[in-house]
Amino acid sequence: MLSDLLIDTKNSAERPVVCRAIGAYLHALEKQLQAPLSPAHQEALTTDSLPPLPDAPFAPDEELLREYCVALNTLLLDNRLEESTAKTLTGLLYELLGYLVEELTTPCFLRGDEQAH
C-alpha cells in the first residue's frame, strides 16, 4: 500500500514521489465516489449482519475524508515543511488513509435491504 511506503520513507527527497502517486489515487477515488456503485461493488459491501458502528466522535463521510487526505498530501508534496512537521503530517496522512480504506471496504448493506447505514 502506498501509505505504508510513505510512512517507511526515511529520505525526505523520496516523499514527493510517493505523495504524487497518492495524489493520483486520491484524484481517481474522487471520480469513483461520485459514481454509482457497480453491482459487484455493492455485493462486496453486502453482508448478512452489519458490524457495530464505532463510538468514535470522528466520523467524516468518505468524500470529506478524501479531501483531508488531499490537503495533507499537498502539504507534504510541497516539501517545504520542517522535517519534524513533515513527519507528524506523514503519520496523520497514513492514519487517515487507513481510516479511509476501512470506511470504503467495511460492509454497509444488508442482504435483502436496499438501504445503507
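Section: helix α5 (residues 83-105)
Between its first and last C-alpha, α5 extends 33 Å over 23 residues, near the 33 Å set by a 1.5 Å rise per residue. What α5 keeps buried is the set Ala86, Leu89, Thr90, Leu93, Leu96, Leu97 and Leu100.

Quick look at the nonpolar core
Leu6, Ile22, Leu26, Cys69, Leu76, Leu93 and Leu97 are the most contacted members of the largest nonpolar core, which has 16 residues in total. Elements that contribute at least two residues to this core include exactly α2 (15-34), α4 (62-78) and α5. Counting residues per element, this core draws most heavily on α5, at six residues. Those residues in contact with Leu76 that sit more than four places away from it in its chain are Arg15, Cys19, Leu81, Ala86, Leu89, Thr90 and Leu93.

Considerations on the environment of Cys19
Positionally, Cys19 belongs in helix α2. Here Cys19 falls in the buried class, since its relative accessible area comes to 0%. Ignoring anything within four residues of it in the chain, the contact list for Cys19 reads Leu6, Asn73, Leu76 and Leu77.

Focus: the packing of α2 against α5
Helix-helix packing is characterised by the crossing angle of the two axes and by the distance between the axes. Two numbers describe how α2 lies on α5: the axes approach to 13 Å, and their chain directions differ by 30°. In this view, α2 runs roughly parallel relative to α5, as classed from their interaxial angle. In this structure, α2 meets α5 at a crossing whose hand is left-handed. Contacts between α2 and α5 involve Arg15, Ile22, Leu26, Leu29 and Leu33 on the former and, on the latter, Glu83, Ala86, Thr90, Leu97, Leu100 and Leu104. The residue inventory of the contact of α2 with α5, partitioned by class, reads eight nonpolar, one polar and two charged.

Concerning the pattern of salt bridges
Taken as a whole and assessed by the stated rule, the structure comprises six salt bridges. Here Glu83 and Arg15 are joined by a salt bridge, their closest N and O atoms 2.9 Å apart. Here Arg15 lies in helix α2 and Glu83 lies in helix α5, a separation of 68 residues in the sequence. By relative accessible area, which is 43% here, Glu83 ends up partly exposed. We classify Arg15 as buried; its relative accessible area is 7%. The closest approach of N and O atoms between Glu63 and Arg66, which form a salt bridge, is 2.9 Å. Note that Glu63 and Arg66 are positioned in helix α4 at a spacing of three residues, about one turn of the helix. Among the residues examined, Arg66 registers a relative accessible area of 7% and is labelled buried.

Parameters and conventions
Residues numbered from 1 in each chain as written. Predicted model: local features only at pLDDT ≥ 70, side-chain atom pairs only at ≥ 80, totals over all residues. Heavy atoms only, no water. Helix = DSSP H or I, 4+ residues; strand = E, 2+ residues; numbered from the N terminus. Expected span 1.5 Å × (residues − 1). Buried < 20%, exposed > 50% of the residue type's maximum accessible area, 1.4 Å probe, protein only. Core = buried A, V, L, I, M, F, W, Y, C linked by side-chain atoms within 4.5 Å. Contact = heavy atoms within 4.5 Å. Axes fitted to C-alpha atoms, helices over the stretch in contact; angles between N-to-C directions. Parallel < 35°, antiparallel > 145°, perpendicular 65-115°, else oblique. Left-handed = near helix turned anticlockwise from the far one by under 90°. Nonpolar A, V, L, I, M, F, W, Y, C, P; charged D, E, K, R; others polar. Salt bridge = Lys/Arg side-chain N within 4 Å of Asp/Glu carboxyl O.

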